[in-house]
Amino acid sequence: GTPVTVVVEGESGVGKSSIVRRFVEQLVAEEPELVVLSGRCYERESVPYKAFDGVVDALAQVLSRMPKAEAALMLPTKPAPLVQVFPVLRRVEAIARLPRHGQLALDPAEVRRKAFAAMRELLTRLSDQRPLVIVIDDMQWADADSQALLAEVLRPPEAPAVLVVATVRTGTAAASGAALGDSISMPAARPGQAGDSVIPGARTITIGRLSSEIAHELATLLLARTRPEFAGDAAAIAADAEGHPLFIDALVRHSSSGEVARGPTRLEDALWAPVERLDPSARLLIELLAIAGAPIPQDVLAEAADLDPTQFASHVAALRAAHLVQTSGMRGRDGIEPYHDRLRIAVRRRLPKARRVDHHRRIALAFETTAHNDAEMLATHWRGAGDVERARRYTITAAHDATHALAFDRAAKLYGEALEPRTIGSESERRELYAKLGDALANAGRGALAAKAFQSAAKRAQGAESLELRRMAADQLLRSGHFDEGVAAIEGVLASVGMKLPSAPWIALVYFVILRFFISLRGLGFVERHSTEIAPRDLTRVDVCWSVAFGIGLVDNIRASAFQARHLALALRTGEPYRVARALAIEVGYCGRGGHKSRATTDRVMKIALAHAERTGNPHAMGLTFAMSGVAEYLSGRFRKGLESCDRAERILREECTGTAWEIDSVRTFAIASLAQLGELRGLKERHALYFREALDRGDLFGVVNLRVGHSSLRWLIDDDPDGARADAKGAMAQWSKQGFHIEHYYELLARTQADLYDGKGDRAYARIVERWAPYRRSLLQTVEMLGAMALQLRARSAIASSVANGKDSHALLASATRDARAIARVRAGWTTPLSELLVAGILVTRRANEERAVSLLRNAVAGFESAEMRLYAAAARRSLGGLLGGDEGAAMVRAADDWMTSESVKNPKRMTTMLAPGFRVP
């Protein structure tokens, strides 16, 4: 019922593929309903998702042989993205009947995600009905796109019940990343050793060479079947082969030549010997296949060798019988390749350079003549033939094709090859290619590399185009979490349009107040104008302010708030409808900083923003407005509405927009926070697993860091693992900016402090709070109502816990907690009042004073938390109250709280209560 993955490793020719093939044959014999999907990777193969190319071909055949009704049941709910990636699936009648969509009008990265999800769904449905095995040979050559797809298929929970068997060749040199020009280089899929990272978590079976006894037995058996007159040579062959089965086979076949006595000392010598004895036409076929580097269509090979169909068929039949080639069928489009990779290597090494060049040219011309649309193969062979310009043209076409197939890593590699210094191309063309490279890298989730590509494009551009490319580079750095580099880049862009970031939070706050006063005087009205009526420089200034206001808003909220005020003012002045809608949407989020005190203003701006977004009909404006409404609702303590708005925003941004990964990241950050405050911990864990995996897949540092600290760290405490929470937070911040004090630094403080409180280490929790309080105050994050109140509550909880752990300082600690509780109460929001009551009750119990008032405060806190839908806090307060009351009533309260926490996957309700409500005698 769960996936099992096995890596069969060993050196080339040791028998990995034969063992796996025999294993599968036995499975098929035992289980007739078994479905086997087999594929193979080639080092120089020219298809996207090379590990799945053969697998999906086999899948299409399986579905095509099924009864139509049964095949239709196997299809994913939305197959179009999967068909875009694997067009071969259109051979399945149930899919062919579906309407053609062309390339889906969504963000390419989102289409790819949907395609991966559809593959997982299809394989899950298939494995629910029949036993399923996927076999991938030579997995060490798998590309990054294939590895990403396999990881999605196998990820828990509820992965398809499939057995994946992959063979991996050991001793393979690591593939180097393709040069992407101007020092841009991308990590390639690493062949690895012994299954290293090929399929994480796989079981490993190592196939070694044969013992001397078994090697002798094998040589004897092979000679008896093929060359019985040389049976006396078995011992010599076994000794020369040193236990290598492929070598034994080659030497047996070589034995009839009478050269065994001289004892070939290398496997390649024995493999080359039968090739050397071929007639010129047959040898030419082997040489061309060795240069091809991957299976090629038989009609292409016949054209390259200049053989008519009869001659070609005769030679291929003889070569198959001699175990020198293998074919996938008899038709012209069916593939042909050397019998083994070691044979390919042996032949290729013996060809002089001039002959290799000529063979590359023959193959390239044959592909063009036979009209096989394989741009990457043509690029490879024209490059091998020395025709750099033709190779470059086909490489660009192949890169476009890979982009269409959503194989972004492969597209980036190909654009990089087209930009190599030795290739020809005008500066304008190179600028366009660098921009496309940046898009491919951005879609592949490689933000830092995408930024370098955009910067290289900017160097070759002029005026507004150069400025926009530089802005895109800064945007990628910020979006991918490279905050310091992104700020430096955006400051350069700002300087170009006569602006600069405030150097300190207090300066930003002054700007913010001044600009807000100006906006309050002028209002939110504007005169609508088309973009063609506005100077490009003015539009660029608006866009740059947008990048700052949104790009650093979730990191350095105070400095970003000053730019949001400028962004709104400039957008209203220009009057371009979409930019106004975007600015109004962001304004909703910034209004939310004031919490419940600014709720009336927030609701008014939200209403204006939604109305304008609907009027523009722009889905990004709509999605962004709902996203910022979710932020504002959360910040004002309306957590349920915040979650609903975030979920609605994500649906719009995913399904109707392009290039919105950053916006979706932001929405998810607040969705997780809303779930934490609502106490929906099961949902938090499930979403976190999905969000974190997708952030990792994209290489999204911002998403990864934010999903390892703050409210996300609750997932560790739910599982009773505070050490995991600490380690995760530490690892996350090792990747983050060391400059200033950002929201991420506050989230780290929250994660680590709560882990200490959960562990009963109040002293350590309070010491950390004291140490970080000054940087936190200087950041002015406390001006955001939610952050200010929650930070006070965290400090008060730590002070109470420290007092419990260390009685000698209890008076000062409890006095500090009392001041914080009063400050929280002064906020007078529906969600802050019960927080204050819970703290005061904890202080009273710790002081052993006025227990009756503590009971009253706890009852009020439970009711207040329930009203605010803060059910985790409500359960902790109810459990604390039950312990204070005792008796049947108290026991019932404790049981109710425990039952609720258990239903939300909390493994240790007692320690969870200690963390949220310190000071009580927790039963």
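Thresholds, definitions, all that
Residues numbered from 1 in each chain as written. Predicted model: local features only at pLDDT ≥ 70, side-chain atom pairs only at ≥ 80, totals over all residues. Heavy atoms only, no water. Pairing = 2+ DSSP bridges. Helix = DSSP H or I, 4+ residues; strand = E, 2+ residues; numbered from the N terminus. Axes fitted to C-alpha atoms, helices over the stretch in contact; angles between N-to-C directions. Patch = residues over 30% accessible without salt bridge, like charges linked within 9 Å, V, L, I, M, F, W, Y side chains within 5 Å. Areas by Shrake-Rupley, 256 points an atom, 1.4 Å probe, with all protein chains shown as cover. Salt bridge = Lys/Arg side-chain N within 4 Å of Asp/Glu carboxyl O. Lys, Arg positive; Asp, Glu negative; His and termini not counted. Charge placed at Lys NZ, Arg CZ, Asp CG, Glu CD. Phe/Tyr/Trp six-rings, centres within 6.5 Å; stacked < 30°, edge-to-face > 60°. Buried < 20%, exposed > 50% of the residue type's maximum accessible area, 1.4 Å probe, protein only. Lys NZ or Arg CZ within 6 Å of the ring centre and 35° of its normal. Parallel < 35°, antiparallel > 145°, perpendicular 65-115°, else oblique. Left-handed = near helix turned anticlockwise from the far one by under 90°. Contact = heavy atoms within 4.5 Å. pLDDT = per-residue confidence, 0-100. Core = buried A, V, L, I, M, F, W, Y, C linked by side-chain atoms within 4.5 Å. Polar contact = N/O pair within 3.5 Å; in protein donor to acceptor, adjacent residues only side chain to side chain. Nonpolar A, V, L, I, M, F, W, Y, C, P; charged D, E, K, R; others polar.

## Description of the sheet that holds strand E4 (residues 162-169)
Alright, step 1. Sheet architecture is open: five strands sit in the order E2-E3-E4-E1-E5, paired in parallel fashion. The sheet is open, and its two edges are formed by strand E2 (35-40) and strand E5 (203-206), each paired on a single side. Each neighbouring strand pair of the sheet contributes to a mean axis angle of 15°, computed without reference to strand direction.
Alright, step 2. Where strand E3 (residues 132-137) and E4 come together, five bridges link them in parallel fashion. The residue of E4 that forms the bridge with isoleucine 134 is valine 164.

## Some details on a positive patch on the surface
Alright, step 1. A cluster of basic side chains, namely Lys597, Arg822, Arg826, Arg828 and Arg847, defines a positive patch on the protein surface.
Alright, step 2. Within the element layout of this structure, arginine 826 appears in the loop between helix H39 (810-825) and helix H40 (832-847).

## Description of the packing of aromatic side chains
Between two aromatic rings, the relevant description is the distance of the centres plus the angle of the planes.
Alright, step 1. With the rule as written, the count across this model stands at 11 aromatic pairs.
Alright, step 2. Ring geometry for phenylalanine 741 against tyrosine 776: centres 6.3 Å apart, planes inclined by 70°, an arrangement best described as edge-to-face. Note that phenylalanine 741 is positioned in the loop between helix H35 (722-734) and helix H36 (743-758) and tyrosine 776 in helix H37 (residues 762-778), a separation of 35 residues in sequence. With respect to burial, phenylalanine 741 and tyrosine 776 carry one shared label: buried.
Alright, step 3. Seen from their ring centres, tyrosine 746 and tyrosine 747 are 5.9 Å apart, and the 50° between their planes marks the pair as tilted.
Alright, step 4. Classification of tyrosine 746 by relative accessible area gives buried; the value is 4%.
Alright, step 5. Under the relative-accessibility criterion, tyrosine 747 is labelled buried at 14%.
Alright, step 6. A connected cluster of aromatic rings, assembled from ring pairs, spans Phe741, Tyr746, Tyr747, Trp773 and Tyr776.
Alright, step 7. Lying across the ring of tryptophan 382, arginine 390 places its NZ or CZ 4.0 Å from the centre.

## Let's talk about the packing of helix H9 (residues 234-241) against helix H10 (residues 245-254)
Alright, step 1. Where H9 contacts H10, the axes come no closer than 9 Å and their chain directions differ by 135°. Our classification of the angle between H9 and H10 gives oblique. Taken as a pair, H9 and H10 cross one another with a handedness that is right-handed. For the pair H9 and H10, the contacting residues are Ile237, Asp240 and Ala241 in the first and Phe247, Ile248, Leu251 and Val252 in the second.

## A short note on the confidence of the model for the chain
A low pLDDT score tells you not to read the predicted coordinates there in detail.
Alright, step 1. On average, residues of the chain carry a pLDDT of 86, and 92% of them reach 70 or more.
Alright, step 2. Note that pLDDT drops below 50 for residues 172-197; the model gives that stretch 69 contacts with residues more than four away or on any other chain.
Alright, step 3. Confidence over residues 260-265 falls short of pLDDT 50; this stretch has 13 contacts with residues more than four positions distant or in other chains.

## Some points on unusual backbone geometry
Alright, step 1. Residue leucine 406 is not a glycine yet carries a positive backbone phi of 65°.
Alright, step 2. Note that leucine 406 resides in the loop between helix H18 (388-404) and helix H19 (408-418).
Alright, step 3. For leucine 406, a relative accessible area of 0% gives the class buried.
Alright, step 4. Positive phi values are uncommon outside glycine, yet arginine 828 reaches one of about 60°.

## Here's the deal with the nonpolar core
Alright, step 1. By size, the foremost hydrophobic cluster in this structure holds 242 residues, and its most contacted members are Leu37, Phe86, Trp831 and Met912.
Alright, step 2. Considering every element that reaches this core, the biggest residue donor is helix H38 (residues 785-805), with 11 residues.
Alright, step 3. Those residues in contact with leucine 37, other than ones at most four positions away along the chain, are Val55, Ala58, Leu59, Val62, Leu123, Leu132, Val133, Ile134 and Val135.
Alright, step 4. Ranked by size, the runner-up nonpolar core spans 54 residues in total, among them Phe247, Leu271, Val275 and Ile286.

## Comments concerning the environment of aspartate 720
Alright, step 1. For aspartate 720, the location among the structural elements is in the loop between helix H34 (714-718) and H35.
Alright, step 2. Judged by relative accessible area, aspartate 720 falls into the partly exposed class, the value being 29%.
Alright, step 3. As for aspartate 720 and alanine 474, which are separated by 246 residues in sequence, their C-alpha atoms are 40 Å apart.
Alright, step 4. The residues touching aspartate 720, leaving out its near neighbours within four places in the chain, are Tyr758, Lys907, Asn908 and Arg911.
Alright, step 5. A polar side-chain atom of aspartate 720 sits 2.6 Å from a polar atom in the side chain of tyrosine 758.

## Side note on the pattern of salt bridges
Alright, step 1. In total, this model carries 59 salt bridges according to the counting rule given.
Alright, step 2. One salt bridge in this structure joins arginine 22 and glutamate 25, with 3.8 Å as the shortest N-O distance. Linking arginine 22 with glutamate 25, this pair stays in helix H1 (residues 16-30), spanning three residues, or about one helical turn.
Alright, step 3. With a closest N to O distance of 3.0 Å, lysine 685 and aspartate 719 form a salt bridge.

## A short note on the side chain of glutamine 564
Alright, step 1. Summarising the element assignment, glutamine 564 is placed in helix H26 (residues 557-574).
Alright, step 2. A relative accessible area of 0% means that glutamine 564 is categorised as buried.
Alright, step 3. Polar side-chain contacts of glutamine 564 include one of 3.1 Å to the backbone oxygen of alanine 583.
Alright, step 4. With sequence-adjacent residues up to four places away left out, glutamine 564 is seen in contact with Arg516, Ala549, Ala583, Ile586, Glu587 and Tyr590.

## Comments concerning the sheet that holds strand E8 (residues 335-338)
Alright, step 1. Taken in spatial order, the three strands line up as E6-E8-E7 in an open sheet, and their pairing is antiparallel. With partners counted over all chains shown, the strands left at the sheet margins are strand E6 (296-297) and strand E7 (325-327), one partner each.
Alright, step 2. With three bridges connecting them, E7 and E8 associate as antiparallel partners. Paired with glutamine 326 across the strands is glutamate 337, a residue of E8.

## Topic: the packing of helix H12 (residues 280-292) against helix H13 (residues 298-305)
Alright, step 1. Their axes nearest at 10 Å, the elements H12 and H13 cross at an angle of 120°. One element, H12, and the other, H13, form an angle in the oblique class. For the pair H12 and H13, the crossing hand works out as right-handed. In this structure, H12 uses Leu284, Leu285, Leu288 and Leu289 to contact H13, whose residues at the interface are Leu301, Ala304 and Ala305.
Alright, step 2. For the contact of H12 with H13, the residue count by class is seven nonpolar, no polar and no charged.

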